[in-house]
Structures are given as structure tokens and as C-alpha cells.
Amino acid sequence: RPIGADEAEEMANARMSPSQKGACWGLVIGIATLGTISALLVTRGATAYSDNDSFRLTVVAIFIAGIVAHLIVSNWFQIKSMWKESADEREGAILSRASIIQPPAIIVALAIWMIGLTERYHEQGAVPVVYLNLIFGSTILVMMIAQSLGVLLGHWIGSHDGQS
């Protein structure tokens, strides 16, 4: 059902729910982790990731730290949301549908990897094995970012439902 003007104003002035706060922090953590790792790989190269143990361990540490931070933050706010008195059916519906954006985001990320690597290594006929870890890691990070986006989009769509 479309929301009325009073409801829309109340929603616009409302504080962020715990799930929105968690999603915002999750989005920041995911983008920062992906951006940091990408910047390192662009400046140092994938061969440095393969050949230099300390560089590889640095990238892996950033990756693991990003995943752990994301899990802590998103779980903290979800637990807080579940125990909060104002958690309602709408919040539950948003959280249950937030993951719907993950498969398309992962498919896009994998398509970018496949097209990019195919074009880059077409003449050689084989892609270096080092890219398997990078594809895996970026897919996990894209999944985390997409989950956070799903929560934020769910709240945004809910607050604009019925608005023109």
C-alpha cells in the first residue's frame, strides 16, 4: 500500500535502524577492503602477489581483517536490531530480501574477471594461477558489499514506496 505524506515525513525524520547502521558500516568496510587490495595489486602487480611472500601475506591479512570486521559489525547491529523493541515485520522482510542483490553482483564481478583475464592472456593461452585467489577474494568482498547494499536499498525503497 502506498504510504501517506505523514508517514513519509516520519520516515524521513526517523533515525537509522540498527540494520541500516550495520549496512552502512559494512559497505564502508567492504569498499575500503576491496579498494585497498585493488590499489596494492594495481601498484605492485599480480606477479608480486605470487612471488613476494610478505606482500601476499599483507594482502591476505587485509582480506581477513575486512571479512572479520564486516562480520563483527553486521552481526553486532543485527543482534541489536533483533533485541530492540522497535524491530518490526518490515525490518525482518528487508533483512530476508537483502541478499537478492548478491547473485547479480557476483555474476557481474566474475564476468569482469573473465573478460579481463581472457583478453589479457588470450595469446598465452592460459591465465596464471595467482588469479584464482584474487577471483575468490574479490567475489567474497563483492558478496559482502552487495549484502550491505541490499539492506540499504530495502530501506530506501521502503521509505519511497508509493512516492512519485
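All of the points below concern the structure found in this document. (Residues numbered from 1 in each chain as written. Predicted model: local features only at pLDDT ≥ 70, side-chain atom pairs only at ≥ 80, totals over all residues. Heavy atoms only, no water.)

Side note on the overall build of the protein chain
A tally of regular secondary structure across the protein chain gives seven helices and zero strands. Across the protein chain, helices and strands are ordered from the amino to the carboxyl terminus as α-α-α-α-α-α-α. Here the protein chain holds 164 residues, and the buried ones make up 33% of them. Across the protein chain, contacts joining residues at least 24 apart in sequence account for 78% of those joining residues at least 6 apart. Accessible surface, the protein chain: about 10500 Å² in total, of which carbon and sulfur atoms supply 66%. (Helix = DSSP H or I, 4+ residues; strand = E, 2+ residues; numbered from the N terminus. Buried < 20%, exposed > 50% of the residue type's maximum accessible area, 1.4 Å probe, protein only. Contact = heavy atoms within 4.5 Å. Areas by Shrake-Rupley, 256 points an atom, 1.4 Å probe, with all protein chains shown as cover.)

Examining the nonpolar core
The biggest cluster of nonpolar side chains holds 18 residues, and the ones touching the most others in it are Ile 37, Leu 41, Tyr 49, Phe 55, Phe 63, Tyr 131 and Leu 134. Elements with a minimum of two residues in this core: helix H2 (18-44), helix H3 (46-51), helix H4 (53-83) and helix H7 (130-160). The biggest single contributor to this core is H7, with seven residues. Dropping the residues within four chain positions of it, Tyr 131 is found in contact with Ala 46, Trp 113, Leu 117 and Tyr 121. (Core = buried A, V, L, I, M, F, W, Y, C linked by side-chain atoms within 4.5 Å.)

Description of the pattern of salt bridges
Enumeration according to the criterion identifies one salt bridge in this entry. The partner of Asp 53 in a salt bridge is Arg 56, and the shortest N-O contact between them spans 2.3 Å. Here the residue Asp 53 and the residue Arg 56 both occupy positions in helix H4, the gap between them amounting to three residues, near one helical turn. Classification of Asp 53 as partly exposed rests on a relative accessible area of 46%. (Salt bridge = Lys/Arg side-chain N within 4 Å of Asp/Glu carboxyl O.)

A look at the packing of aromatic side chains
If you walk through the whole model with that rule in mind, you get three aromatic pairs. Both rings, one in Phe 63 and one in Phe 136, keep their centres 6.5 Å apart while their planes meet at 65°; by these two values the pair is edge-to-face. On the criterion of sequence distance, the pair formed by Phe 63 in helix H4 and Phe 136 in helix H7 is long-range, its members being 73 residues apart. A ring pair is formed by Trp 113 and Tyr 131, whose centres lie 6.0 Å apart and whose planes are at 65°; its orientation type is edge-to-face. Here Trp 113 is found in helix H6 (residues 102-120), whereas its partner Tyr 131 is found in helix H7, with 18 residues between them in sequence. One aromatic cluster in this structure is built from Trp 113, Tyr 121 and Tyr 131. Here Arg 44 stacks its cationic end above the ring of Phe 55, 4.3 Å away from the centre of that ring. Over the ring of Tyr 121 we find Arg 120; its NZ or CZ atom is 4.7 Å from the centre of that ring. (Phe/Tyr/Trp six-rings, centres within 6.5 Å; stacked < 30°, edge-to-face > 60°. Lys NZ or Arg CZ within 6 Å of the ring centre and 35° of its normal.)

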